[in-house]
Every structure is written in C-alpha cells, then in structure tokens.
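The lines below spell out each chain.
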Amino acid sequence: QAQLRFPFSITQDNFGNFYFTDQLNRRIRKIDNSSINNPIISTIGGNGMNRIFTPDGNLAKNSSINSPNEIVFDNKRNCLFFIEFFQSGNFFYFIRKIDIQTNILSSIAGNSSFPPIFTSDGNFAKNSSLLQVQFLTIDEKNAFLYFFE
C-alpha cells in the first residue's frame, strides 16, 4: 500500500497507465491500469532519499529524486520528463528524463552553479543555470520540450 504525500502532476501513457509525481516522498509513481478493478501503484523513480543528487546513467528507481513536480511524456511516450528541485544550502532546478524502457535517469537541462548565472540563447541546456522552473509541456508535432523559468 503506497502512502502518497503531495501528489502534484500527472500524465498518461498509450496503455492507460498513469504516472505522477509524489513530491514529498521524492518519488515518481505509476498506476498500472491493466486491472481496472485493482490498479497497482509502483515506484519507477526515486528512493526517498533527500538532498543527494544522483548523476546521469543510474536506474531511476534507485536514484534520489528531490521534490519532483511537473511531469510530461515525450510525443512517442518513450521518455518521461520532470522538474527536479534540489536544495542543498542553495536552490537548484533540473529538468530530468526517465527512459521508460531502460529506467535510466538523465539530465536534460540545468546545472549546479551558484549563484545561477543567466545563460544566453544558443548554449547547451545541460550547461545552463535554471531558476524556478514551473511548467513543462511537449509540442506533440515537433517533440520540442518547453518550460517556464
């Protein structure tokens, strides 16, 4: 039985399964809809540990995911993108991705430079400082990921 603590954002795959952020438990959950009468909740990302940043390439379910909030699938429903808010004396925002097939966690945008420095257009997203990222969405036609900062 999963105890939820501040579920925040939800999205759906092509099979009717729901994925959502469980912000205060520091997890990303899946509601398996294969049995409509008895859906199963499982953790696909986050181990519940706080204030540890997990580097790219690790299994998402074994990784620390700090305060995940917005969540969205890519246009092919292969990857799940989410905003991670990380606090370790300072505030850092990252946009991260979980590959649904491999469960590998990787960073898409954001770095841990402090204070956050404005990064001009044309730079790699992973090298950019992010501050107060609030929203994610996918352009279904072109597969562009947009966010507000």
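Look above for the structure.
Residues numbered from 1 in each chain as written. Predicted model: local features only at pLDDT ≥ 70, side-chain atom pairs only at ≥ 80, totals over all residues. Heavy atoms only, no water.

## Some words on the overall build of the protein
Part 1: Across its full length, the protein holds zero helices and ten strands.
Part 2: Overall, the protein shows an N-to-C arrangement of helices and strands of β-β-β-β-β-β-β-β-β-β.
Part 3: Taken over C-alpha atoms, the radius of gyration comes to 15 Å for the protein, in line with the 15 Å a tight globule of 149 residues would show.
Part 4: Along the first, second and third principal axes, the C-alpha atoms of the protein reach 50 × 35 × 25 Å.
Part 5: A burial count over the protein gives 38% of its 149 residues as buried. (Helix = DSSP H or I, 4+ residues; strand = E, 2+ residues; numbered from the N terminus. Rg over C-alpha atoms; globule rule 2.2 N^0.38 Å. Buried < 20%, exposed > 50% of the residue type's maximum accessible area, 1.4 Å probe, protein only.)

## Concerning the sheet that holds strand β2 (residues 18-22)
Part 1: Strand order in the open sheet formed by four strands is β1-β2-β3-β4, and the pairing between neighbours is antiparallel. Two strands in the sheet have a free side with no partner beyond their single neighbour: β1 (7-12) and β4 (40-45). For this sheet, the mean inter-axis angle between neighbouring strands, taken without regard to orientation, is 30 degrees.
Part 2: Where β1 and β2 come together, four bridges link them in antiparallel fashion. When the bridges of β2 are listed, Pro-7 appears paired with Asp-22. (Pairing = 2+ DSSP bridges. Axes fitted to C-alpha atoms, helices over the stretch in contact; angles between N-to-C directions.)

## Examining the pattern of salt bridges
Part 1: Under the defined criterion, the tally for this structure stands at three salt bridges.
Part 2: With a shortest N-O distance of 3.1 Å, Arg-96 and Asp-56 are connected by a salt bridge. In this pair, Arg-96 sits in strand β7 (residues 91-99) while Asp-56 sits in the loop between β4 and β5 (68-73), placing the two residues 40 residues apart along the sequence.
Part 3: What emerges from the salt-bridge pattern is a single network uniting Asp-56, Glu-84 and Arg-96. (Salt bridge = Lys/Arg side-chain N within 4 Å of Asp/Glu carboxyl O.)

## A word on the nonpolar core
The tendency in soluble globular proteins is for nonpolar side chains to be buried as a group.
Part 1: In terms of nonpolar packing, the biggest core is built from twelve residues, these being Val-72, Cys-79, Phe-81, Ile-83, Phe-85, Tyr-93, Ile-95, Ala-109, Leu-130, Val-133, Leu-136 and Ile-138.
Part 2: At the level of secondary structure, the elements contributing two or more residues to this core comprise β6 (79-87), β7 and β9 (135-139).
Part 3: Take this core: its biggest share by element is four residues, from β6.
Part 4: Once you skip the residues sitting within four places of it in the chain, Val-72 turns out to touch Thr-11, Cys-79, Leu-80, Phe-81, Leu-136, Thr-137, Ile-138 and Leu-145.
Part 5: Of all hydrophobic cores here, the second largest spans eleven residues; its members include Tyr-19, Ile-28, Ala-60 and Ile-71. (Core = buried A, V, L, I, M, F, W, Y, C linked by side-chain atoms within 4.5 Å. Contact = heavy atoms within 4.5 Å.)

So far we have only geometry, and geometry alone does not tell us how the molecule works.
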